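Residue-level listing of the chains:
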Amino acid sequence: MSVETIEKPSTTRKLAPRYRVLLHNDDYNSMEHVVQSLIATVPSLTQPQAVSIMMEAHTNGLALVITCALEHAEFYCETLISHGLSSTIEPDE
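Residues numbered from 1 in each chain as written. Predicted model: local features only at pLDDT ≥ 70, side-chain atom pairs only at ≥ 80, totals over all residues. Heavy atoms only, no water.

- Looking at an unreviewed UniProt entry, one finds the protein named ATP-dependent Clp protease adaptor protein ClpS and attributed to Nostoc commune NIES-4072.

Written as structure tokens, this is what we have:
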């Protein structure tokens, strides 16, 4: 009687694709409103981080808020929009 070893194919987990939540500059909202909206929307942001994001959007026209899974990105984007801000998401490459 012979014993045969069967090799199990290795299973590799693929990471879920990540998405960038972007904040666009606008001429309507005050800087304070933008900072407070960022903090209210993304709980992990500190006030200095929110100020930095707001200033980047103000200066460059666009700023990265957070990179995360699609469902979270959609939620953050929609919440920022509900606060009157301009936001989009794009795949993180």
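Anyway, onward from the coordinates.
### Concerning helix α1 (residues 31-41)
In step 1: Listed in full, the buried residues belonging to α1 are V34, V35, S37, L38 and T41. Taken end-on, α1 shows its buried residues confined to a sector of 165 degrees, consistent with a single buried face. When the buried face of α1 is taken as reference, the exposed residues oriented beyond 90 degrees from it are E32 and A40.
In step 2: In this structure, the buried side of α1 is in contact with β1 (18-24), α2 (47-60), β2 (62-69) and α3 (70-82). (Buried < 20%, exposed > 50% of the residue type's maximum accessible area, 1.4 Å probe, protein only. Helix = DSSP H or I, 4+ residues; strand = E, 2+ residues; numbered from the N terminus. Arc of directions from axis to C-beta. Contact = heavy atoms within 4.5 Å.)

### Details of the side chain of S87
In step 1: Along the chain, S87 turns up in strand β3 (residues 86-91).
In step 2: Residue classification places S87 among the buried residues on the basis of a relative accessible area of 7%.
In step 3: Only 2.9 Å separates the side chain of S87 from the backbone oxygen of L22, close enough to count as a polar contact.
In step 4: Every residue in contact with S87, bar those within four places of it in the chain, is listed here: V21, L22, H24, C77, L80 and I81. (Polar contact = N/O pair within 3.5 Å; in protein donor to acceptor, adjacent residues only side chain to side chain.)

### A closer look at the side chain of T41
In step 1: Summarising the element assignment, T41 is placed in helix α1.
In step 2: Given the relative accessible area of 3%, T41 is considered buried.

### What to know about the environment of A40
In step 1: Within the fold, A40 resides in helix α1.
In step 2: For A40, a relative accessible area of 56% gives the class exposed.
In step 3: As for A40 and P17, which are separated by 23 residues in sequence, their C-alpha atoms are 25 Å apart.

### Re the nonpolar core
In step 1: Judged by nonpolar contacts, the single largest core of 20 residues is most densely connected at V21, L23, L38, I53, V65 and I66.
In step 2: Of all elements in the fold, only β1, α1, α2, β2 and α3 reach the threshold of two or more residues within this core.
In step 3: When neighbours within four sequence positions are excluded, L23 is seen to be in contact with V34, L38, I53, A57, G61, L62, A63, V65, L85 and S86. (Core = buried A, V, L, I, M, F, W, Y, C linked by side-chain atoms within 4.5 Å.)

### Some words on the pattern of salt bridges
When the charged atoms of two side chains lie near each other, side chains of opposite charge can form a pair.
In step 1: A complete count under the given rule lists two salt bridges for this structure.
In step 2: Between E90 and R20 there is a salt bridge, with the nearest N and O atoms lying 3.0 Å from each other. Of this pair, E90 sits in strand β3 while R20 is found in strand β1, placing the two residues 70 residues apart along the sequence.
In step 3: The partly exposed category is assigned to R20, whose relative accessible area is 22%.
In step 4: Measuring nitrogen to oxygen at the nearest pair gives 3.8 Å for the salt bridge that ties D92 to R20. Remark: R20 occurs in strand β1 and D92 occurs in the segment after β3; sequence separation between them is 72 residues.
In step 5: Residue classification places D92 among the partly exposed residues on the basis of a relative accessible area of 35%.
In step 6: Overlapping salt bridges bring together R20, E90 and D92 as one network. (Salt bridge = Lys/Arg side-chain N within 4 Å of Asp/Glu carboxyl O.)

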